[in-house]
Amino acid sequence: MRRALLALTVLVITALVPASAQAYANAFFPTQSSGNRGADVQAIQFLLQHAGQSVDADGVFGATTVTAAKAFQTAKGLGVDGIVGPQTWAALAPTIRSGDSNAAVKALQVELNAKRRLSLPVDGVFSTAVRDAVVSFQSHAGIGADGVVGPITWRNLAWHYDYPDFSANLCDQDPDGNGTAANWAAAAPVAQMEAAARSFASTGQGKVPYGDAGFEHGGDIPGHASHENGMDVDIWPIRTDNAQCTAGRITWESSTYDRAATRQLIQAVRAAAPGHVKYIWFNDPTLISEGLTQNWPAHDNHLHVRYCEKVHPNSTYVC
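In this text the structure is predicted, and so the values were computed from the model without any measurement.

Draft legend 1. Examining unusual backbone geometry more closely. In this model, R117 sits at a positive phi of 60°, which is unusual for a non-glycine residue. In this structure, R117 sits in the loop between α5 (103–116) and α6 (128–141). Taking the relative accessible area as the measure of exposure, R117 reaches 52% and is therefore exposed. At H227, a position not held by glycine, the phi torsion is positive, near 60°.

What follows is the structure, encoded as C-alpha coordinates:
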(Lines give C-alpha, C1' and ligand atoms only; values in the text may rest on other atoms or scores of the structure.)
Protein backbone atom coordinates (compact mmCIF):
# COMPACT_ATOMS: atom_id res chain seq x y z
CA MET A 1 0.00 0.00 0.00
CA ARG A 2 2.78 2.40 0.98
CA ARG A 3 4.65 1.62 -2.27
CA ALA A 4 1.53 2.23 -4.33
CA LEU A 5 0.91 5.53 -2.54
CA LEU A 6 4.52 6.59 -3.15
CA ALA A 7 4.22 5.76 -6.85
CA LEU A 8 1.01 7.79 -7.07
CA THR A 9 2.70 10.74 -5.34
CA VAL A 10 5.59 10.62 -7.83
CA LEU A 11 3.14 10.60 -10.73
CA VAL A 12 1.24 13.59 -9.33
CA ILE A 13 4.45 15.57 -8.73
CA THR A 14 5.69 14.76 -12.24
CA ALA A 15 2.41 15.94 -13.73
CA LEU A 16 2.67 19.23 -11.84
CA VAL A 17 6.23 20.05 -12.95
CA PRO A 18 6.13 22.49 -15.91
CA ALA A 19 7.44 21.31 -19.27
CA SER A 20 10.19 23.94 -19.11
CA ALA A 21 11.78 22.15 -16.16
CA GLN A 22 13.91 20.10 -18.53
CA ALA A 23 14.67 22.99 -20.89
CA TYR A 24 17.86 23.80 -19.02
CA ALA A 25 19.11 20.30 -18.32
CA ASN A 26 22.40 21.09 -20.05
CA ALA A 27 22.71 24.75 -19.08
CA PHE A 28 26.25 26.11 -18.96
CA PHE A 29 28.00 29.45 -18.69
CA PRO A 30 28.71 30.48 -22.31
CA THR A 31 32.40 31.22 -22.84
CA GLN A 32 32.98 34.78 -24.05
CA SER A 33 36.23 36.22 -25.33
CA SER A 34 37.80 38.92 -27.48
CA GLY A 35 35.60 39.63 -30.50
CA ASN A 36 32.31 38.66 -28.87
CA ARG A 37 29.52 41.12 -28.24
CA GLY A 38 26.04 41.12 -26.73
CA ALA A 39 24.12 40.80 -23.48
CA ASP A 40 26.41 38.17 -21.99
CA VAL A 41 29.45 40.36 -22.66
CA GLN A 42 27.76 43.38 -21.11
CA ALA A 43 26.76 41.32 -18.08
CA ILE A 44 30.37 40.17 -17.70
CA GLN A 45 31.53 43.77 -17.88
CA PHE A 46 29.14 44.83 -15.12
CA LEU A 47 30.26 41.86 -13.02
CA LEU A 48 33.88 42.89 -13.55
CA GLN A 49 32.94 46.38 -12.37
CA HIS A 50 31.33 44.83 -9.30
CA ALA A 51 34.62 43.03 -8.67
CA GLY A 52 36.50 46.34 -8.74
CA GLN A 53 37.80 46.25 -12.30
CA SER A 54 37.77 49.31 -14.56
CA VAL A 55 35.90 48.52 -17.77
CA ASP A 56 33.09 50.11 -19.77
CA ALA A 57 29.91 48.06 -20.06
CA ASP A 58 29.47 48.58 -23.81
CA GLY A 59 28.70 44.97 -24.71
CA VAL A 60 31.81 44.58 -26.85
CA PHE A 61 34.60 42.27 -25.67
CA GLY A 62 37.57 44.41 -26.60
CA ALA A 63 41.11 44.90 -25.31
CA THR A 64 40.01 46.67 -22.11
CA THR A 65 37.68 43.80 -21.21
CA VAL A 66 40.47 41.30 -21.85
CA THR A 67 42.74 43.26 -19.49
CA ALA A 68 40.04 43.47 -16.81
CA ALA A 69 39.27 39.75 -17.12
CA LYS A 70 42.97 38.91 -16.73
CA ALA A 71 43.27 41.12 -13.66
CA PHE A 72 40.24 39.44 -12.09
CA GLN A 73 41.57 35.98 -12.90
CA THR A 74 44.91 36.87 -11.36
CA ALA A 75 43.22 38.12 -8.19
CA LYS A 76 41.18 34.92 -7.91
CA GLY A 77 44.00 32.51 -8.70
CA LEU A 78 42.37 31.35 -11.93
CA GLY A 79 44.03 30.57 -15.23
CA VAL A 80 44.95 33.95 -16.69
CA ASP A 81 43.91 34.03 -20.35
CA GLY A 82 41.39 36.89 -20.57
CA ILE A 83 38.72 34.41 -21.69
CA VAL A 84 35.61 34.29 -19.53
CA GLY A 85 34.70 30.63 -19.36
CA PRO A 86 32.60 28.72 -16.82
CA GLN A 87 35.10 29.06 -13.95
CA THR A 88 35.56 32.81 -14.41
CA TRP A 89 31.81 33.32 -14.84
CA ALA A 90 31.15 31.40 -11.62
CA ALA A 91 33.75 33.41 -9.72
CA LEU A 92 32.34 36.68 -11.05
CA ALA A 93 28.66 36.07 -10.27
CA PRO A 94 27.73 36.83 -6.63
CA THR A 95 24.52 35.91 -4.89
CA ILE A 96 22.21 38.94 -4.98
CA ARG A 97 18.69 39.56 -3.71
CA SER A 98 16.02 42.19 -3.06
CA GLY A 99 17.44 45.39 -1.60
CA ASP A 100 20.87 45.06 -3.17
CA SER A 101 22.18 47.95 -5.24
CA ASN A 102 25.37 47.42 -7.23
CA ALA A 103 26.83 46.67 -10.65
CA ALA A 104 26.04 42.95 -10.31
CA VAL A 105 22.35 43.88 -10.28
CA LYS A 106 22.95 45.78 -13.52
CA ALA A 107 24.35 42.56 -15.00
CA LEU A 108 21.19 40.76 -13.88
CA GLN A 109 18.96 43.44 -15.40
CA VAL A 110 20.81 43.24 -18.71
CA GLU A 111 20.38 39.47 -18.83
CA LEU A 112 16.71 39.57 -17.88
CA ASN A 113 15.97 42.22 -20.51
CA ALA A 114 17.71 40.22 -23.23
CA LYS A 115 16.61 36.70 -22.31
CA ARG A 116 13.05 37.52 -21.19
CA ARG A 117 12.35 40.41 -23.60
CA LEU A 118 11.82 42.90 -20.77
CA SER A 119 12.50 46.63 -20.38
CA LEU A 120 13.82 46.87 -16.85
CA PRO A 121 15.88 49.99 -16.13
CA VAL A 122 19.55 49.08 -15.88
CA ASP A 123 20.06 51.08 -12.70
CA GLY A 124 21.60 48.47 -10.40
CA VAL A 125 18.65 48.48 -7.98
CA PHE A 126 17.19 45.09 -7.04
CA SER A 127 13.63 46.36 -6.87
CA THR A 128 10.32 44.55 -6.52
CA ALA A 129 10.02 44.56 -10.30
CA VAL A 130 13.41 42.89 -10.61
CA ARG A 131 12.49 40.29 -8.01
CA ASP A 132 9.24 39.55 -9.84
CA ALA A 133 11.20 39.12 -13.08
CA VAL A 134 13.65 36.78 -11.33
CA VAL A 135 10.84 34.65 -9.89
CA SER A 136 9.18 34.51 -13.31
CA PHE A 137 12.42 33.39 -14.92
CA GLN A 138 13.09 30.79 -12.25
CA SER A 139 9.60 29.37 -12.76
CA HIS A 140 10.14 29.42 -16.52
CA ALA A 141 13.40 27.54 -16.08
CA GLY A 142 11.98 25.01 -13.65
CA ILE A 143 14.37 25.94 -10.85
CA GLY A 144 13.66 27.09 -7.29
CA ALA A 145 11.58 30.27 -7.59
CA ASP A 146 12.72 32.16 -4.50
CA GLY A 147 13.74 35.47 -6.11
CA VAL A 148 17.36 35.06 -4.96
CA VAL A 149 19.96 35.03 -7.73
CA GLY A 150 22.59 32.46 -6.88
CA PRO A 151 24.86 30.18 -8.95
CA ILE A 152 22.06 28.09 -10.47
CA THR A 153 20.00 31.10 -11.55
CA TRP A 154 23.05 32.88 -12.98
CA ARG A 155 24.06 29.81 -15.00
CA ASN A 156 20.60 29.20 -16.38
CA LEU A 157 20.05 32.86 -17.20
CA ALA A 158 23.41 33.23 -18.95
CA TRP A 159 22.73 30.08 -20.97
CA HIS A 160 19.20 31.10 -22.03
CA TYR A 161 18.89 32.24 -25.64
CA ASP A 162 18.34 35.82 -26.79
CA TYR A 163 15.85 37.28 -29.28
CA PRO A 164 16.95 39.62 -32.07
CA ASP A 165 16.05 43.28 -32.29
CA PHE A 166 14.51 43.59 -35.74
CA SER A 167 14.86 47.37 -35.66
CA ALA A 168 18.58 46.69 -36.26
CA ASN A 169 18.05 46.67 -40.05
CA LEU A 170 16.75 43.09 -39.96
CA CYS A 171 13.53 41.66 -41.39
CA ASP A 172 11.92 38.47 -40.14
CA GLN A 173 11.59 35.71 -42.74
CA ASP A 174 10.00 32.29 -42.27
CA PRO A 175 11.02 29.98 -45.12
CA ASP A 176 10.48 26.74 -43.20
CA GLY A 177 7.21 27.50 -41.47
CA ASN A 178 8.69 27.64 -37.97
CA GLY A 179 7.44 31.16 -37.29
CA THR A 180 8.86 33.68 -34.85
CA ALA A 181 9.51 30.84 -32.41
CA ALA A 182 12.60 29.98 -34.48
CA ASN A 183 14.30 33.39 -34.12
CA TRP A 184 16.16 32.65 -30.87
CA ALA A 185 19.93 32.15 -30.58
CA ALA A 186 22.70 32.52 -28.03
CA ALA A 187 23.32 36.12 -26.99
CA ALA A 188 26.61 36.58 -28.86
CA PRO A 189 25.35 35.37 -32.28
CA VAL A 190 22.25 37.56 -31.94
CA ALA A 191 24.23 40.70 -31.11
CA GLN A 192 26.87 39.95 -33.72
CA MET A 193 24.23 39.56 -36.44
CA GLU A 194 22.51 42.76 -35.29
CA ALA A 195 25.83 44.61 -35.53
CA ALA A 196 26.43 43.24 -39.01
CA ALA A 197 22.96 44.31 -40.13
CA ARG A 198 23.46 47.81 -38.74
CA SER A 199 26.76 48.05 -40.57
CA PHE A 200 25.17 46.84 -43.80
CA ALA A 201 22.48 49.54 -43.45
CA SER A 202 25.13 52.14 -44.26
CA THR A 203 25.39 50.73 -47.80
CA GLY A 204 21.79 51.72 -48.55
CA GLN A 205 21.02 48.31 -50.02
CA GLY A 206 18.07 47.34 -47.85
CA LYS A 207 17.52 45.21 -44.80
CA VAL A 208 19.04 41.85 -43.99
CA PRO A 209 16.55 38.96 -44.14
CA TYR A 210 16.81 36.90 -40.93
CA GLY A 211 15.66 33.31 -41.39
CA ASP A 212 15.68 30.52 -38.84
CA ALA A 213 18.16 30.48 -35.96
CA GLY A 214 16.71 28.23 -33.27
CA PHE A 215 14.01 27.71 -30.68
CA GLU A 216 14.10 29.46 -27.31
CA HIS A 217 15.77 26.54 -25.55
CA GLY A 218 17.41 24.90 -28.54
CA GLY A 219 16.56 21.40 -29.68
CA ASP A 220 15.38 19.91 -32.96
CA ILE A 221 14.01 22.44 -35.45
CA PRO A 222 12.00 21.31 -38.49
CA GLY A 223 13.70 21.80 -41.84
CA HIS A 224 17.22 21.86 -40.42
CA ALA A 225 19.92 19.34 -39.59
CA SER A 226 21.51 21.78 -37.13
CA HIS A 227 20.31 25.05 -35.54
CA GLU A 228 19.93 23.21 -32.22
CA ASN A 229 22.64 24.95 -30.17
CA GLY A 230 21.93 28.65 -30.61
CA MET A 231 25.03 29.19 -32.74
CA ASP A 232 23.59 29.00 -36.28
CA VAL A 233 21.74 31.82 -38.05
CA ASP A 234 20.35 31.81 -41.60
CA ILE A 235 20.25 35.00 -43.65
CA TRP A 236 19.34 35.56 -47.30
CA PRO A 237 21.38 36.92 -50.23
CA ILE A 238 20.82 40.49 -51.39
CA ARG A 239 18.83 41.36 -54.51
CA THR A 240 19.71 43.96 -57.15
CA ASP A 241 16.41 45.72 -56.41
CA ASN A 242 17.16 45.69 -52.65
CA ALA A 243 13.77 44.01 -52.12
CA GLN A 244 15.11 40.89 -50.40
CA CYS A 245 12.66 41.40 -47.53
CA THR A 246 9.56 41.75 -49.68
CA ALA A 247 10.09 40.18 -53.11
CA GLY A 248 11.09 36.69 -52.09
CA ARG A 249 14.19 34.60 -51.74
CA ILE A 250 16.55 34.06 -54.66
CA THR A 251 19.57 31.86 -55.42
CA TRP A 252 23.07 32.93 -56.40
CA GLU A 253 22.13 32.01 -59.98
CA SER A 254 19.07 34.30 -60.13
CA SER A 255 19.11 37.31 -62.44
CA THR A 256 18.25 39.57 -59.51
CA TYR A 257 21.10 38.29 -57.33
CA ASP A 258 23.46 41.08 -56.26
CA ARG A 259 26.85 39.48 -55.67
CA ALA A 260 28.59 42.73 -54.76
CA ALA A 261 26.02 43.58 -52.10
CA THR A 262 26.01 40.03 -50.76
CA ARG A 263 29.80 40.20 -50.53
CA GLN A 264 29.47 43.39 -48.47
CA LEU A 265 26.98 41.67 -46.18
CA ILE A 266 29.33 38.73 -45.63
CA GLN A 267 32.21 41.07 -44.89
CA ALA A 268 30.01 42.89 -42.36
CA VAL A 269 29.09 39.57 -40.69
CA ARG A 270 32.74 38.63 -40.34
CA ALA A 271 33.82 42.09 -39.16
CA ALA A 272 31.15 42.15 -36.45
CA ALA A 273 32.44 38.91 -34.89
CA PRO A 274 36.21 38.70 -35.41
CA GLY A 275 37.44 35.22 -34.58
CA HIS A 276 33.92 33.94 -33.96
CA VAL A 277 32.62 33.01 -37.42
CA LYS A 278 33.47 29.38 -38.09
CA TYR A 279 31.72 28.93 -41.42
CA ILE A 280 29.44 30.73 -43.82
CA TRP A 281 27.85 28.20 -46.13
CA PHE A 282 26.66 29.67 -49.43
CA ASN A 283 27.26 28.13 -52.83
CA ASP A 284 28.22 31.14 -54.94
CA PRO A 285 31.46 29.84 -56.55
CA THR A 286 32.92 33.35 -56.84
CA LEU A 287 32.53 34.05 -53.13
CA ILE A 288 33.86 30.59 -52.37
CA SER A 289 36.96 31.29 -54.48
CA GLU A 290 37.45 34.51 -52.53
CA GLY A 291 37.45 32.56 -49.26
CA LEU A 292 34.31 34.28 -48.00
CA THR A 293 31.95 31.28 -48.04
CA GLN A 294 32.09 27.51 -48.32
CA ASN A 295 30.07 25.03 -50.34
CA TRP A 296 27.41 22.94 -48.64
CA PRO A 297 24.48 21.06 -50.20
CA ALA A 298 21.14 22.94 -50.33
CA HIS A 299 22.71 26.33 -49.62
CA ASP A 300 22.08 28.03 -52.96
CA ASN A 301 19.40 30.39 -51.65
CA HIS A 302 20.58 31.29 -48.16
CA LEU A 303 23.71 31.94 -46.12
CA HIS A 304 24.14 29.76 -43.07
CA VAL A 305 26.34 31.58 -40.57
CA ARG A 306 27.87 29.29 -37.95
CA TYR A 307 29.31 31.15 -34.99
CA CYS A 308 31.83 29.64 -32.57
CA GLU A 309 33.49 30.16 -29.19
CA LYS A 310 36.92 29.41 -27.75
CA VAL A 311 35.26 26.81 -25.53
CA HIS A 312 31.94 25.07 -26.15
CA PRO A 313 30.51 21.76 -24.91
CA ASN A 314 29.83 20.80 -28.53
CA SER A 315 33.09 20.65 -30.48
CA THR A 316 31.22 21.63 -33.65
CA TYR A 317 31.09 25.17 -32.25
CA VAL A 318 34.66 25.53 -31.04
CA CYS A 319 36.68 28.14 -32.93
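Draft legend 2. Looking closely at the state of the cysteines. In this structure the tally under the stated criterion is two disulfides. The residue that forms a disulfide with C171 is C245, at a sulfur-sulfur distance of 1.9 Å. The disulfide joining C171 to C245 has a torsion of about -80° about its S-S bond and is therefore left-handed. Remark: C245 occurs in the loop between β3 (232–235) and α9 (259–272) and C171 occurs in strand β1 (residues 170–172); sequence separation between them is 74 residues. You can call C245 partly exposed: its relative accessible area is 24%. In this model, C308 is linked to C319 through a disulfide, with the two sulfur atoms separated by 2.1 Å. Across the S-S bond linking C308 and C319, the dihedral sits near 105°, which makes this disulfide right-handed. With C308 in the segment after β5 (303–307) and C319 in the segment after β5, this residue pair connects regions lying eleven residues apart in the sequence. Residue C308 is classed as buried on the basis of its relative accessible area of 2%. Taken in sequence order, the bonded cysteines of the protein chain link in the pattern 1-2, 3-4.

Draft legend 3. Representation of the nonpolar core within the structure. Ranked by internal contacts, the top residues of the largest apolar core, which has 45 residues, are L47, W89, I96, L108, L112, F126 and W154. At the level of elements, α2 (39–50), α3 (63–76), α4 (86–92), α5, α6 and α7 (151–159) are the ones that each hand at least two residues to this core. When near neighbours in sequence (up to four residues on either side) are disregarded, L108 contacts I96, F126, V130, V134, V149, W154 and L157.

Conventions adopted
- Residues numbered from 1 in each chain as written.
- Predicted model: local features only at pLDDT ≥ 70, side-chain atom pairs only at ≥ 80, totals over all residues.
- Heavy atoms only, no water.
- Helix = DSSP H or I, 4+ residues; strand = E, 2+ residues; numbered from the N terminus.
- Buried < 20%, exposed > 50% of the residue type's maximum accessible area, 1.4 Å probe, protein only.
- Disulfide = S-S within 2.5 Å.
- Core = buried A, V, L, I, M, F, W, Y, C linked by side-chain atoms within 4.5 Å.
- Contact = heavy atoms within 4.5 Å.

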